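Inside the fold
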Amino acid sequence: TLVYNTGRSLRDYLAVLSEWEVLTPDVFVGGCGTQMYTFHPPPSRAAGSGGGEAIAVDRWMEALREGWDKEGVAAAVSGTQALRDLYGEIEEKHESHGNNLMFSARLP
């Protein structure tokens, strides 16, 4: 079994798949661990050939959603005076926009 684990999203991985000529994994873990996908049909092992359709592993994402409050985390981080004193305005990084399971802050 071949597994890729990266901070990059599935979209980013698929965009460079043929360019980099890498093997398609059986399992893709991305978005800093917030995304997990398998491929159906399973991938061939030819570099850059791609696998089938990426299928989200819903039970993984459901487990992460349990007890997670992105808005609450964002408010706590941006509302912490000590952090604002050190870094000024704290903003969400582009990489975590659209990913409800991740909050990544941009610090100046």
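Please refer to the structure placed before this passage.
Let me begin by describing the structure that accompanies this report.

Criteria and thresholds
Residues numbered from 1 in each chain as written. Predicted model: local features only at pLDDT ≥ 70, side-chain atom pairs only at ≥ 80, totals over all residues. Heavy atoms only, no water. Pairing = 2+ DSSP bridges. Helix = DSSP H or I, 4+ residues; strand = E, 2+ residues; numbered from the N terminus. Buried < 20%, exposed > 50% of the residue type's maximum accessible area, 1.4 Å probe, protein only. Arc of directions from axis to C-beta. 1 Å grid on protein atoms, 1.4 Å probe; cavity = no way out; pocket = protein on both sides within 12 Å on 5 of 7 lines; lining within 4 Å. Points joined across faces, edges and corners; volume = space filled by probe spheres on them. Nonpolar A, V, L, I, M, F, W, Y, C, P; charged D, E, K, R; others polar. Axes fitted to C-alpha atoms, helices over the stretch in contact; angles between N-to-C directions. Contact = heavy atoms within 4.5 Å. Core = buried A, V, L, I, M, F, W, Y, C linked by side-chain atoms within 4.5 Å. Phe/Tyr/Trp six-rings, centres within 6.5 Å; stacked < 30°, edge-to-face > 60°.

**Notes on the pairing of strand 3 (residues 35-40)**
In this sheet, strand 3 lies alongside strand 2 (residues 27-30) in antiparallel orientation, the contact comprising 4 bridges. Bridge pairing links Val29 to Met36 in strand 3. Where strand 2 folds back on strand 3, the antiparallel hairpin that results is connected by 4 residues, among which Gly31 adopts a positive phi of roughly 55°. Bridge count for strand 3 against strand 4 (residues 53-56) is 4 bridges, and the pairing is antiparallel. Its bridge partner lying in strand 4, Thr38 is registered against Ile55.

**Details of helix 1 (residues 10-20)**
Looking at helix 1, one finds that the buried residues are Leu10, Tyr13, Val16 and Leu17. For helix 1, the arc enclosing every buried residue in end-on projection is 145°, short of the 170-degree limit, so these residues lie on one face. Of the residues in helix 1, the exposed ones pointing more than 90 degrees away from the buried face are Arg11, Ala15, Ser18 and Glu19. Looking one or two residues past helix 1, Glu21 carries a phi angle of roughly 55°, positive in sign.

**Description of the layout of surface pockets**
If you add up the space inside the largest pocket, you get close to 390 Å³. Lining the largest pocket are 17 residues, with Ser9, Arg11, Asp12, His94 and Glu95 sitting closest to its centre. Considering each element in turn, the lining of the largest pocket owes the most residues, 3 residues, to helix 1. Residue classes in the lining of the largest pocket are distributed as 3 nonpolar, 9 polar and 5 charged.

**What to know about the sheet that holds strand 1 (residues 3-5)**
Strand pairing in a sheet relies on backbone hydrogen bonds, with the paired strands running either antiparallel or parallel. Pairing within the open sheet is mixed, and its 4 strands lie in the order 1-2-3-4. The open sheet terminates on both sides in strands that have one partner only, identified here as strand 1 and strand 4. With direction set aside, neighbouring strand axes in the sheet form an average angle of 25°. Strands strand 1, strand 2, strand 3 and strand 4 of the sheet are contacted by helix 1, whose axis makes an angle of about 45° with strand 3. The strands touched by helix 2 (residues 58-65) are strand 3 and strand 4; relative to strand 3, the strand with the most contacts, the crossing angle is about 170°.

**Considering the nonpolar core**
Leu10, Tyr13, Leu17, Phe28, Tyr37, Phe39, Met61 and Leu101 together form the largest nonpolar core, which totals 8 residues. When residues in this core are grouped by element, the largest group, 3 residues, is from helix 1. If we skip the residues at most four places from it in the chain, Phe28 touches Tyr4, Thr6, Arg8, Ser9, Leu10, Tyr13, Gln35, Met36, Tyr37 and Phe39.

**Some points on the packing of aromatic side chains**
Taken as a whole, this structure holds 2 aromatic pairs when the rule is applied. Here Tyr4 and Tyr13 contribute two aromatic rings whose centre-to-centre distance is 6.0 Å and whose plane-to-plane angle is 75°, an arrangement assigned as edge-to-face. Tyr4 gets classed as partly exposed once you look at its relative accessible area, which sits at 22%. Look at Tyr13 and you get buried, because its relative accessible area is 8%. Three or more aromatic residues joined by ring pairs form one cluster here, namely Tyr4, Tyr13 and Phe28.

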